[in-house]
Amino acid sequence: MGATRLEYRLRYAIHAVIYMLGFWAPWCQPLGWRRTTTWLVLSGTLSKAGWLSFTGATNAVLMVAIVLVAMGAFLRVWGAAYVGASVVQSQTMHGQRLLVDGPYRRTRNPLYLGTLLHTLGLAILMPASGAMFAVVLLWTFQVRLALAEEPFLLQRFGEAYRAYRARVPRFLPSPTPQVASAGVRPRWGQALLVEVYMVGVAVTFVIFGWSFNAMTLVRGVLISLGLSIIVIAMLPRVPKAEAGE
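So, here's what we can say about the structure. (Residues numbered from 1 in each chain as written. Predicted model: local features only at pLDDT ≥ 70, side-chain atom pairs only at ≥ 80, totals over all residues. Heavy atoms only, no water.)

Let us now look at a nonpolar patch on the surface. Side chains of Val203, Val206, Ile207 and Phe208 sit close together on the surface and give an oily, nonpolar patch of about 350 Å² of accessible area. With respect to the secondary-structure elements, Val206 resides in helix α11 (residues 196-208). Take Val206: its relative accessible area is 43%, and that puts it in the partly exposed class. (Patch = residues over 30% accessible without salt bridge, like charges linked within 9 Å, V, L, I, M, F, W, Y side chains within 5 Å. Areas by Shrake-Rupley, 256 points an atom, 1.4 Å probe, with all protein chains shown as cover. Salt bridge = Lys/Arg side-chain N within 4 Å of Asp/Glu carboxyl O. Helix = DSSP H or I, 4+ residues; strand = E, 2+ residues; numbered from the N terminus. Buried < 20%, exposed > 50% of the residue type's maximum accessible area, 1.4 Å probe, protein only.)

Here it is, written out as C-alpha cells:
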C-alpha cells in the first residue's frame, strides 16, 4: 500500500523520527538490553566466529559503512541534480515532465535507494535493536513512498510512464541505461546544497571513522544535519502554480 498524502507531505519528519528512535532505542532499558552499538556487535560476532581478528572486523565493518554512506550520498546527489533541489524538498508530488536522465535511466527511485543505503551505513552507530528497527521501517516507508508516486505518474504520463516502468527497475539499478536520455542537464551545485546532509555524513565517516569513536561520528552526523537545515531553509521554494497536485 502506498503512503498517504499526509505521510508524503511529512516524509522528512517521519524519517527524522525513525532515525531518532533508532539511535535512542527507548525499549532497551525496560527490557534490560544493552545499548551496545551495532559496530561493536558485528565486530564481536565476526571475531568470535574466527573469520577476522577483532581489529580486522572493526575495520571491515567501518569500510562497509563508508561504502554504503558514500554510495547513498552519490545516488542522492546524482538524482537531485536531475530532478531539481526544489522538487526534492517539496511537500507535494511533481509531474511537469517524465524524468529519464541520469540515474533515472537505471532505477526509478535513486533518491529512495540512496536513503536506504545511507541508513544501512549509519546503522552501525545505533544500538543493534535500534538499527534493525530503523532499517526495517525506513525500507518499508521508502517502498510505500514509491508506490504512492507510481499511480500519480501513470495518471500524468499514461503509456509513456507505463513503458518506462516496464523497462527500468523500481529500486535495484540496472548496470546499463534502459531508456534513451531526454538531454536534461544536471544542476550539480543545487544538488550538493540540497544533499549537504548526505555528503556531510559521508565525509564524516571517511575522515573521522578511523578514530573508531562512535560519538565522534554521531557529532559529525548532527553537525551535517544542522548545516543542512540552515542551507535548505535558504533554498527557493517551488511556486504553488508549479506543484504537481
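Right, let's talk about the packing of helix α8 (residues 128-157) against helix α9 (residues 159-167) for a bit. Where α8 contacts α9, the axes come no closer than 6 Å and their chain directions differ by 130 degrees. Relative to α9, the element α8 lies oblique. The segment α8 lies against α9, with Glu150, Leu153, Leu154 and Phe157 engaging Glu159, Ala160, Tyr161, Arg162 and Arg165. Here the residues of the contact of α8 with α9 sort into five nonpolar, no polar and four charged. (Axes fitted to C-alpha atoms, helices over the stretch in contact; angles between N-to-C directions. Parallel < 35°, antiparallel > 145°, perpendicular 65-115°, else oblique. Contact = heavy atoms within 4.5 Å. Nonpolar A, V, L, I, M, F, W, Y, C, P; charged D, E, K, R; others polar.)

So, on to the environment of Gln142. With respect to the helices and strands, the residue Gln142 is situated in helix α8. In the structure, Gln142 is positioned 29 residues away from Leu113 in sequence and 8.0 Å away in space, judged by C-alpha atoms. Those residues within four positions of Gln142 in sequence are excluded, and the remaining contacts are His15, Tyr112, Thr115, Leu116 and Phe171.

In this section: the packing of aromatic side chains. Under the defined criterion, the tally for this structure stands at six aromatic pairs. Look at Phe74 and Trp78: their rings are 5.3 Å apart centre to centre, the planes differ by 35 degrees, and that puts the pair in the tilted class. With Phe74 and Trp78 both in helix α5 (residues 54-83) and four residues apart, the pair spans about one turn of that helix. Note on Trp210 and Phe212: the rings are 6.1 Å apart at their centroids and 85 degrees apart in plane angle, and the pair reads as edge-to-face. Joined through ring pairs, the aromatic side chains of Trp39, Trp210 and Phe212 make up one cluster. (Phe/Tyr/Trp six-rings, centres within 6.5 Å; stacked < 30°, edge-to-face > 60°.)

Within this structure, the stated rule accounts for five salt bridges. Residue Glu7 pairs with Arg144 through a salt bridge whose shortest N-O separation is 2.6 Å. Residue Glu7 is found in helix α1 (residues 5-9), and its partner Arg144 is found in helix α8; the two are separated by 137 residues along the sequence. Ionic pairing is found between Arg162 and Glu159, a salt bridge with its closest N-O pair at 3.0 Å.

We now examine the nonpolar core. Ranked by internal contacts, the top residues of the largest apolar core, which has 35 residues, are Tyr104 and Tyr164. When residues of this core are traced back to their parent elements, those giving at least two are α5, α6 (85-89), α7 (110-122), α8, α9 and α10 (188-194). Sort the elements by how many residues they give to this core and α5 lands first, with eight residues. The residues contacting Tyr164, other than those within four sequence positions of it, are Leu98, Leu99, Val100, Tyr104, Thr107, Arg108 and Val179. With 26 residues, the next largest nonpolar core counts Ile18, Ile66, Leu138 and Tyr197 among its residues. (Core = buried A, V, L, I, M, F, W, Y, C linked by side-chain atoms within 4.5 Å.)

Turning our eyes to something else, we now look at the side chain of Arg108. Examined against the element boundaries, Arg108 turns out to sit in the loop between α6 and α7. At a separation of 2.7 Å, a polar atom in the side chain of Arg108 contacts the main-chain carbonyl oxygen of Val168. Setting aside its immediate chain neighbours within four residues, Arg108 contacts Glu150, Tyr161, Tyr164, Arg165, Val168, Pro169 and Arg170. (Polar contact = N/O pair within 3.5 Å; in protein donor to acceptor, adjacent residues only side chain to side chain.)

We note that Ala25 has phi near 45 degrees; this positive angle belongs to a residue other than glycine. A positive phi angle, close to 55 degrees, is found at Phe212, a residue other than glycine. Within the secondary structure layout, Phe212 lies in the loop between α11 and α12 (214-234). The class for Phe212 is partly exposed, based on a relative accessible area of 39%.

Okay, the side chain of Glu195 next. With respect to the secondary-structure elements, Glu195 resides in the loop between α10 and α11. Given the relative accessible area of 3%, Glu195 is considered buried.

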